[in-house]
Each structure stands twice: as C-alpha cells, then as structure tokens.
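If you want the building blocks of each chain, they are given just below.
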Amino acid sequence: MMIITQKITSLAYEIHDGMFRKDEELTSSQRGLAVRRMPSLLEYLSYTCNFMGILAGPLCSYRDYIIFIEGRAQHRAQPSPSGKEEMPCERAEPSPNIAVIQKLLICGLSLLFHLTISKTLSVEYNIDERFQATASWPTKVVYLYVSLLAARPKYYFAWTLADAINNAAGFGFRGYDENGTARWDLISNLRIQQIEMSTSFKMFLDNWNIQTALWLKRVCYERASLSPTIQTFILSAIWHGVYPGYYLTFLTGVVMTLAARAMRNNFRHYFIEPPQLKLLYDVLTWIMTQIAISYTVVPFVLLSIKPSFMFYSSWYYCLHIAGILILLLLPVKKTQRGKTTHENVQLSPSRKFDERENSLGQNSFSTTNNVCNQNQEIASRHSSLKQ
C-alpha cells in the first residue's frame, strides 16, 4: 500500500504540473516529469499495480515507466565530451545481465551479513541496564555505530533485490555514460558506498531510500512555502506509519539536518585547501555524521516510545542539545523558498565543490534525464515525420 500511495500521489502531481501549471512555474525536475495528457485506465492500473514493484518498489515516475513500456528506454541521450546531451542514436538494446548479477551478489552478501553478524549486534543492547552501567563512553559510541551498521544490510538486501528484479525485466536503464557503458541505476533506491562514507547528514539522506526521498521532495519540499524541511520530515513520519519511534526519529532528524547544514555552510569553506586539511575535515565529519545518524535512527529501530527515551536519556540528549545550540548560535537567514542559508556564506570554493559533488550520481529526476526525456520526444517526432 505504501508504494501504491506513492505512485498515486506522484502521478497526480505529474499530471497537475503538466496540464495546469506553466513551465516557468515549475522547477527543472518538475518540468521534466510533467505529464501532458491524462493516462488511460489501463495505463493508470499498469503503473500503480505492476508486479515488478508492487511489494518493495522502488518508486518510479509515471513518465519513466511509460518510456519503458513503449520501448523507448534504449534511446536515452548520451553525454558528449563537452558534457552536453547529444541526440539519442540507434543502439542495440542493452543487456541488464551484468547489472543484475552484480546486484544479486550484493543481495547475497547483505543477507549473509544479516543472518550472521546482525544477530549478534542487537540495537536493543544499547539500552541494556548492565551495558549502560558498566560501559565507558567510547565503548557506547563504538557499539552504537556498529549496531546500527549491522542493522542496515536487511534494507540493502530488500532494495537491491527489488532493483535487480526491475532490471531483469528491462526496466531501470538510464542511458550511457561518457565511456559508452550502459547504466542500470534509473530507479536504484540506495548507493551503499556513499551511505557508508557519508561526510554529511545530507549526503546520507541523498543516498538512502532515494526514490522515496525524491517523492518527498517533489510532493512536499519544493511546494512548501513555510519550513519545508520540517514539513517534509513530518510527512515522512506519517507516511512510514504510527509507531512512536518513527516520529521521534524524524523530529530528531529535523534538528540534526538543520544543525549539520548550519555547520557545513559556516565552516566547510575554511577546510578546502590544502588537501591534507581537507582530508582531516572529511575524516572528522565522517565520524560526526555516522554518530549523528546512528543516534537519530535508534528510535526507528526500537519503535516503542519507552525504550527510545531510555536510550536518549542514557546519552543525556547530548546531540539534541548540541543541535539546538548550533541553530541558536550560528547566524541564519531565510531565502525565497524558505530554505535556510547563512548570512556570511557566499559562493565560495567549498559551495562550488559541494555542487559538483551533488551533481554526481543523480537519478531519473535530475535535470540531465529531463533533457534526455525531451530529446526522446523530439527524436520520436522526427521519426514520425519521416514515416
């Protein structure tokens, strides 16, 4: 039901953007996914109930799904050496076999890890009375990180298997990279390496449950005029379910996200040069990010409110307090869309570096694929005119 709910709302917004809003009112991602006509009943049911993703997803846009159904996915544009998109050209239909095998191997390793190591590193042990009474603070911090690290492979298994199933059916082809290699990550839901090596809260969220994050961005964050970050986290909590732990996690996530953004925008540009200083900064921010993520998601795993508060009280709510102090002490101001930026930060080398980092590995909702979709339509019109 969660996936179907996402698809229905996603399609509704795509139709609304395509039929009732002007192009200049839309962001580039909204413009690229806008649906210009009402789908038929068959198309609607096929999109919302297709067997490949009805249980574990991943979510895809209606436009990408129809391109796949109509057999136009293999004509996606390929970037030229200059970085611009070229017109799609005729190619042999790419094979998903290598991508599927690689993802199945990841599934096997994740399942093996979950059935062996994960069972011995229980998250619940973080609130064990004996552990809390006898363990030193470094031990508590290390075990918190390791126990949450061990809890992730079950998600890696489910999402990677769902991605492999879609790829095996031919869905998920994103186009070719600059080397002409086929890419099968159009609807991938996670990037494991980026998750485990995240040096910021945003980097972790951008690579975890990617399609749901993009859905939240389209239906809430880009449309909210007041506190979009807070509204998006609340919607995410409601969408996940009714367990109190979900709400504690996402409310804590609001504080952690805003505080991490404040720290990054205020201080990162001092640590870009020389490379040794940048490396030290990355190591420190990786440690801080992994601890903050682990601290934040403990209630998500514990689910109940009492053990969640037991955990936070055993840590004296230290990261909550630190996050609130950061937001109170660092200067912030509102921008047009209600996003927070910092008064003393301009487009420094660090900001440019961040934009370049964030531009890597974007998925079907990115501007690049919007251009691809537009080029596909142009190519189809040319072919129909020739006929």
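Quick caveat: nothing in here was measured; it's all calculated off a predicted structure.

A closer look at helix H5 (residues 97-120)
The end-to-end C-alpha distance of H5, which contains 24 residues, comes to 35 Å, matching closely the 34 Å that a straight helix rising 1.5 Å per residue would cover. Where H5 bends most, at histidine 114, the angle is about 40°. Here H5 has its buried residues at Ala99, Val100, Lys103, Cys107, Ser110 and Ser118.

Let's talk about the UniProt feature "transmembrane region" (unreviewed entry) in the protein
According to UniProt, the feature "transmembrane region" (unreviewed entry) maps to residues 237-259, 279-302 and 314-332 in the numbering used here. Across residues 237-259, the secondary structure splits into 87% helix and 0% strand, with the terminal C-alpha atoms separated by 20 Å. Here residues 279-302 runs as 100% helix and 0% strand, with 35 Å between its end C-alpha atoms.

Description of the nonpolar core
Generally speaking, soluble globular proteins have nonpolar side chains that are buried together. The biggest cluster of nonpolar side chains holds 19 residues, and the ones touching the most others in it are Tyr47, Cys60, Tyr62, Tyr65, Phe171 and Trp215. At the level of elements, helix H1 (2-20), helix H4 (62-69) and helix H11 (210-221) are the ones that each hand at least two residues to this core.

Notes on H1
Over its 19 residues, H1 extends 27 Å from the first C-alpha to the last, a length consistent with the 27 Å expected when each residue adds 1.5 Å. Residues of H1 that are buried include every one of Ile3, Ile4, Gln6, Lys7, Ser10, Leu11, Glu14, Ile15, Asp17 and Gly18, and no others. Taken end-on, H1 shows its buried residues confined to a sector of 165°, consistent with a single buried face.

What about the pattern of salt bridges?
Inspection of the entire model under this criterion finds six salt bridges. In this structure, lysine 103 and aspartate 163 form a salt bridge, with 2.8 Å as the shortest nitrogen-oxygen distance. Placement of lysine 103 in helix H5 and of aspartate 163 in helix H8 (residues 153-168) is noted, with a sequence separation of 60 residues between them. You can call lysine 103 buried: its relative accessible area is 12%. By relative accessible area, which is 4% here, aspartate 163 ends up buried. Here aspartate 185 ties to arginine 174 by a salt bridge, and the two come within 3.2 Å at their closest N and O atoms. Pair noted here: aspartate 185 is in the loop between strand S2 (182-183) and helix H9 (192-196) and arginine 174 is in the loop between H8 and strand S1 (175-176), with a separation of 11 residues, a long-range link.

Here's the deal with the packing of helix H7 (residues 137-151) against H8
At a closest axis distance of 5 Å, the pairing of H7 and H8 adopts a crossing angle of 25°. In this view, H7 runs roughly parallel relative to H8, as classed from their interaxial angle. Residue-level contacts link Leu149, Ala150 and Ala151 of H7 to Pro153, Lys154 and Tyr155 of H8. Taken together, the residues that form the contact of H7 with H8 break down as five nonpolar, no polar and one charged.

Describing the side chain of serine 10
Mapped onto the elements, serine 10 comes out in helix H1. Discounting chain neighbours no more than four positions away, the residues touching serine 10 are Tyr47, Trp215 and Arg218.

A look at the environment of threonine 257
Position of threonine 257 among the secondary structure elements: in helix H13 (residues 244-267). With 66 residues separating them in the primary sequence, threonine 257 and glycine 323 have C-alpha atoms 8.8 Å apart. Non-local contacts of threonine 257, meaning those with residues more than four positions away in its chain, are made with Phe201, Leu205, Thr229 and Phe233. One polar contact links the side chain of threonine 257 to the main-chain carbonyl oxygen of glycine 253, over a distance of 2.7 Å.

Section: the packing of aromatic side chains
Remark: the centre distance and the inter-plane angle together describe each pair of aromatic rings, the angle taken between the planes. Tallied over the full model, the rule gives 30 aromatic pairs. In this structure an aromatic cluster arises from ring pairing among Trp137, Tyr295, Phe311, Tyr312, Trp315, Tyr316 and Tyr317. Just above the ring of tryptophan 137 sits the side chain of lysine 140; from NZ or CZ to the centre is 5.0 Å.

Some remarks on the packing of H13 against helix H14 (residues 275-302)
Across the interface, H13 lies against H14 with an axial gap of 7 Å and an inter-helix angle of 160°. Here H13 is positioned roughly antiparallel relative to H14, judged by the angle of their axes. The way H13 lies across H14 gives a crossing that is right-handed. Each of Gly245, Tyr246, Leu248, Thr249, Phe250, Thr252, Gly253, Met256 and Arg264 in H13 lies in contact with H14, whose residues at this interface are Tyr281, Ala292, Tyr295, Thr296, Val297, Pro299 and Phe300. Residue composition of the contact of H13 with H14, grouped by class: 10 nonpolar, five polar and one charged.

A few points about unusual backbone geometry
Excluding glycine, most residues fall at negative phi; most peptide bonds, likewise, are trans. For the peptide bond that leads from glutamate 273 to proline 274, omega is -5°, which places it in the cis range. As for its position among the elements, proline 274 is in the loop between H13 and H14. Of note, the phi angle at leucine 303 is positive, near 75°, even though the residue is not glycine. Among the structural elements, leucine 303 can be located in the loop between H14 and helix H15 (305-314). Even without being glycine, tyrosine 317 reaches a positive phi, approximately 55°. Assignment of secondary structure puts tyrosine 317 in the loop between H15 and helix H16 (318-329).

A short note on the confidence of the model for the protein
Across the protein, pLDDT averages 82, with 80% of residues at or above 70. A low-confidence stretch, residues 338-387 (pLDDT under 50), is modelled with 96 contacts involving residues beyond four sequence positions or located in other chains.

Each value, and the rule that gives it
Residues numbered from 1 in each chain as written. Predicted model: local features only at pLDDT ≥ 70, side-chain atom pairs only at ≥ 80, totals over all residues. Heavy atoms only, no water. Helix = DSSP H or I, 4+ residues; strand = E, 2+ residues; numbered from the N terminus. Expected span 1.5 Å × (residues − 1). Bend = angle between axes of the 7 residues up to and from the residue. Buried < 20%, exposed > 50% of the residue type's maximum accessible area, 1.4 Å probe, protein only. UniProt positions renumbered as here; feature names shortened; annotations may be inferred. Core = buried A, V, L, I, M, F, W, Y, C linked by side-chain atoms within 4.5 Å. Arc of directions from axis to C-beta. Salt bridge = Lys/Arg side-chain N within 4 Å of Asp/Glu carboxyl O. Axes fitted to C-alpha atoms, helices over the stretch in contact; angles between N-to-C directions. Parallel < 35°, antiparallel > 145°, perpendicular 65-115°, else oblique. Contact = heavy atoms within 4.5 Å. Nonpolar A, V, L, I, M, F, W, Y, C, P; charged D, E, K, R; others polar. Polar contact = N/O pair within 3.5 Å; in protein donor to acceptor, adjacent residues only side chain to side chain. Phe/Tyr/Trp six-rings, centres within 6.5 Å; stacked < 30°, edge-to-face > 60°. Lys NZ or Arg CZ within 6 Å of the ring centre and 35° of its normal. Left-handed = near helix turned anticlockwise from the far one by under 90°. pLDDT = per-residue confidence, 0-100.

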